[in-house]
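Residue-level structure breakdown
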Amino acid sequence: MTIAERVAAVRERIAAAAARAGRDPGEITLVAVSKTVPVAAMREAYAAGIRHFGENRAQEARDKFPAFGDDVHWHFVGRLQTNKVKYIARHCHLLHSLDRLALAQEVDRRASRCGRVLPCLVEVNVAGEATKAGLPPEKVIPFLHQVAGWPGLRVVGLMTVAPRADNPEEVRPVFRRLRELAEEAARQCRGLPGIELRHLSMGMTDDFEVAVEEGATLVRIGRAIFGERG
Ligand SMILES: *Cc1c(COP(=O)(O)O)cnc(C)c1O
């Protein structure tokens, strides 16, 4: 299959999952995760209508930004070291992996220096996996209270990476838990400046349909669009 055919197939599967849940597919953004993918393949995805790319290495992202125009939105989805925030602060449309105060401080500093407010998602380690990034669920609401009102960032939702599973139904409770946590956090943070929990970034190649059924507004899809990574 060509990249265009893969993009079309993914869009159809998102639409079908949205329909099963009674959702409008227009409220779900497909982020094509292009880490390790050469710009030529990204251009094919662009020609197929992709306008959101996700990267997980700051220098790779920085090197790819100039290859596309202002109509492309760049998502940063990986673990981000504080000393690399400088590479993405100006061009990143949404940081999916805010997971600690030191990172929030650096994002605030660097984004402010660029004269911007960087939209962020708080990454949550819902399943409590030792190897995974993200705040434990019970730390999310206190964290939101701490960063509320910082001038260089705005928290617009939550993100999670589900555990690997042979059957995506196994991770449905993880996605449901993230949605419930976002609802609870929205209640407890009502009125806090710079906290607007509208987005749920969840679902990858192996589990995105279940994530859409559970309320994802952003799905992060690499292999189903670009093929297996080398
Ligand atoms: C690589 C990656 C993805 C995409 O994964 P696929 O399984 O290729 O769809 C999504 N989210 C994050 C955080 C990633 O690192």
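This one's a predicted model, so the numbers in the text were calculated from it and none came from an experiment.

1. Overview of the side chain of S34
Topologically, S34 is positioned in the loop between β1 (29-33) and α2 (39-47). In this structure, S34 is in contact with M42, F53, G54, E55, E60, K64 and F226, ignoring residues within four places of it in sequence.

2. A look at the UniProt feature "modified residue: N6-(pyridoxal phosphate)lysine" (unreviewed entry) in the protein
Summarizing the sequence annotation, UniProt attributes the feature "modified residue: N6-(pyridoxal phosphate)lysine" (unreviewed entry) to K35 in the numbering used throughout. Relative to the elements of secondary structure, K35 occurs in the loop between β1 and α2. A relative accessible area of 19% means that K35 is categorised as buried. Excluding residues within four positions of it along the chain, K35 makes contact with G54, E55, N56, E60, K64 and R229.

3. Some words on the pairing of strand β8 (residues 218-221)
Burial along β8 is two-sided: L218 and R220 facing one way and V219 and I221 facing the other are all buried. Alignment of β1 against β8, held across four bridges, turns out to be parallel. Of the residues in β8, the one forming a bridge with T29 is L218.

4. Overview of the layout of surface pockets
The volume enclosed by the largest pocket comes to roughly 620 Å³. Of the residues in the lining of the largest pocket, the class split is twelve nonpolar, five polar and ten charged. By volume, the second largest pocket amounts to about 160 Å³. Forming the boundary of the second largest pocket are F65, F68, G69, D70, V72, H73, W74, H91 and H93.

5. A short note on the site of the ligand
Around the ligand, the surrounding shell consists of V33, K35, V77, M159, V161, M204, T205, R220, I221, G222, R223 and R229. In this structure, K35 approaches the ligand through a side-chain N or O atom, which is 2.7 Å from an oxygen atom. A distance of 2.9 Å separates a nitrogen atom of the ligand from a polar side-chain atom of R220. For the ligand, whose free accessible area comes to 390 Å², the fraction covered by protein is 91%. In this structure the site holding the ligand corresponds to the largest pocket. Taken together, the residues of the shell around the ligand sort by class into six nonpolar, two polar and four charged.

6. What to know about helix α1 (residues 3-20)
Its 18 residues place the ends of α1 26 Å apart at the C-alpha level, agreeing with the 26 Å of an ideal helix rising 1.5 Å per residue. Every buried residue belonging to α1 is among I3, V7, V10, I14, A17 and A18, and all of these are buried. For α1, the angular spread of the buried residues around the axis is 100°, confining them to a single face. In α1, the exposed positions that point more than 90 degrees away from the buried face belong to E12, A19 and R20.

7. A word on unusual backbone geometry
The phi angle at T36 is positive, at roughly 70°, despite the residue not being glycine. Note on placement: T36 falls in the loop between β1 and α2. On the basis of relative accessible area, T36 is assigned to the partly exposed category, the value being 42%.

8. Overview of empty space enclosed by the protein
Applying the stated criterion across every chain yields a total of one cavity of 30 Å³ or more. Space inside the largest cavity adds up to approximately 30 Å³. What lines the largest cavity is E55, A61, F65, W74, H75, F76, I88 and C92. Broken down by element, the lining of the largest cavity gets its largest block of residues, three residues, from strand β3 (residues 73-76).

Reading the values: rules and limits
- Residues numbered from 1 in each chain as written.
- Predicted model: local features only at pLDDT ≥ 70, side-chain atom pairs only at ≥ 80, totals over all residues.
- Heavy atoms only, no water.
- Helix = DSSP H or I, 4+ residues; strand = E, 2+ residues; numbered from the N terminus.
- Contact = heavy atoms within 4.5 Å.
- UniProt positions renumbered as here; feature names shortened; annotations may be inferred.
- Buried < 20%, exposed > 50% of the residue type's maximum accessible area, 1.4 Å probe, protein only.
- Pairing = 2+ DSSP bridges.
- 1 Å grid on protein atoms, 1.4 Å probe; cavity = no way out; pocket = protein on both sides within 12 Å on 5 of 7 lines; lining within 4 Å.
- Points joined across faces, edges and corners; volume = space filled by probe spheres on them.
- Nonpolar A, V, L, I, M, F, W, Y, C, P; charged D, E, K, R; others polar.
- Near = heavy atom within 4 Å.
- Polar contact = N/O pair within 3.5 Å; in protein donor to acceptor, adjacent residues only side chain to side chain.
- Areas by Shrake-Rupley, 256 points an atom, 1.4 Å probe, with all protein chains shown as cover.
- Sits in = over half its atoms within 2 Å of the grid points.
- Expected span 1.5 Å × (residues − 1).
- Arc of directions from axis to C-beta.

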